[in-house]
Amino acid sequence: MMINVGAEFGTHLESSDIAVELIEILDKLPADEFIIDFKDVMFVTMNYAQAYYNAKNGSSKKISEINISDEISVVMGAADEACNP
């Protein structure tokens, strides 16, 4: 199942609460695999990115990401590294 995070939560992802809410929603859905589409996302804070990866690591669902811009990739990559040393 694909989720367009920009369309659902906005193009500027700043709050850790949004990241946690996203994963909590996925955990309640019956599907086991999700693709998070960052196509419309223009900005992500480190706070959001770290909360996203921490929540993702705590989920039993298989979650992957697509369409991450180069700018957002830097932040997401740093957060992923920090959460998954």
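This text gives an overview of the structure that appears in the document. (Residues numbered from 1 in each chain as written. Predicted model: local features only at pLDDT ≥ 70, side-chain atom pairs only at ≥ 80, totals over all residues. Heavy atoms only, no water.)

1. Some words on a negative patch on the surface
So the rule is basically this: Residues enter patches when their relative accessible area tops 30% and they take part in no salt bridge; the joining distance is 9 Å for like charges and 5 Å for the nonpolar side chains Val, Leu, Ile, Met, Phe, Trp and Tyr. Note that accessible areas follow from Shrake-Rupley with a 1.4 Å probe, and for residues the cover is restricted to the protein chains shown. Between Lys or Arg on one side and Asp or Glu on the other, a salt bridge is scored when a side-chain nitrogen of the former is within 4 Å of a carboxyl oxygen of the latter. Positive charges come from Lys and Arg, negative ones from Asp and Glu, while His and the chain ends are left out of the count. A single reference atom marks each charge: NZ on Lys, CZ on Arg, CG on Asp, CD on Glu. Note on conventions: DSSP H or I runs of at least 4 residues are helices, E runs of at least 2 residues are strands, and numbering of each starts at the N terminus. The cut-offs for exposure are 20% and 50% of the maximum accessible area for each residue type, with area from a 1.4 Å probe on protein chains only; residues under the lower value are buried, those over the upper are exposed, and the others partly exposed.
Together, Asp 17, Glu 21, Glu 24 and Asp 27 make up a negatively charged patch on the protein surface. With respect to the helices, strands and loops of the structure, Glu 24 is situated in helix α2 (residues 16-28). Residue Glu 24 is classed as partly exposed on the basis of its relative accessible area of 45%.

2. Re the environment of Asp 32
The condition is simple: Here, two residues are considered to be in contact whenever any of their heavy atoms come within 4.5 Å of each other.
Along the chain, the position of Asp 32 falls in the loop between α2 and β3 (33-37). In the structure, Asp 32 is positioned 33 residues away from Glu 65 in sequence and 15 Å away in space, judged by C-alpha atoms. Each residue touching Asp 32, except ones within four places of it in the same chain, is listed here: Lys 61 and Lys 62.

3. Regarding the sheet that holds β3
This is how it is decided: Pairing between two strands is assigned when DSSP locates at least 2 bridges connecting them. Axes here refer to lines fitted to C-alpha atoms; in helices the fit is confined to the stretch in contact. Angles between the N-to-C directions go from 0 to 180 degrees.
Read across the sheet, three strands follow the order β1-β3-β5 without closing on themselves; strand pairing throughout is parallel. Sheet topology places β1 (2-4) and β5 (62-66) at the edges, where each strand pairs with a single neighbour. This sheet shows a mean twist of 25° between the axes of neighbouring strands, independent of strand direction. Bridging between β3 and β5 involves five bridges; their strand directions are parallel. In the strand pairing of β5, Phe 34 is matched with Ile 63. The strands touched by α2 are β1, β3 and β5; relative to β3, the strand with the most contacts, the crossing angle is about 150°. Strands β3 and β5 of the sheet are contacted by helix α3 (residues 46-57), whose axis makes an angle of about 150° with β5.

4. Points about the side chain of Asp 37
Applicable threshold: What qualifies as a polar contact is a pair of N or O atoms within 3.5 Å, subject to a donor-acceptor requirement within protein and to the restriction that residues adjacent in sequence count only when both atoms come from side chains.
Within the secondary structure layout, Asp 37 lies in strand β3. A polar contact is formed between the side chain of Asp 37 and the side chain of Asn 67, at a distance of 2.8 Å. Excluding residues within four positions of it along the chain, Asp 37 makes contact with Met 2, Ile 3, Asn 4, Val 5, Gly 6, Ile 66 and Asn 67.

5. Topic: the environment of Leu 29
Mapping Leu 29 onto the fold places it in the loop between α2 and β3. Remark: the alpha-carbon pair of Leu 29 and Met 1, spanning 28 residues in sequence, is separated by 9.9 Å. With residues near it in sequence (within four places) discarded, Leu 29 still touches Met 1, Phe 34 and Lys 61.

6. Points about unusual backbone geometry
Phi is positive for Asn 67, close to 55°, though the residue is something other than glycine. Mapped onto the elements, Asn 67 comes out in the loop between β5 and α4 (70-83). Exposure remark for Asn 67: the relative accessible area of 44% places this residue in the partly exposed category.

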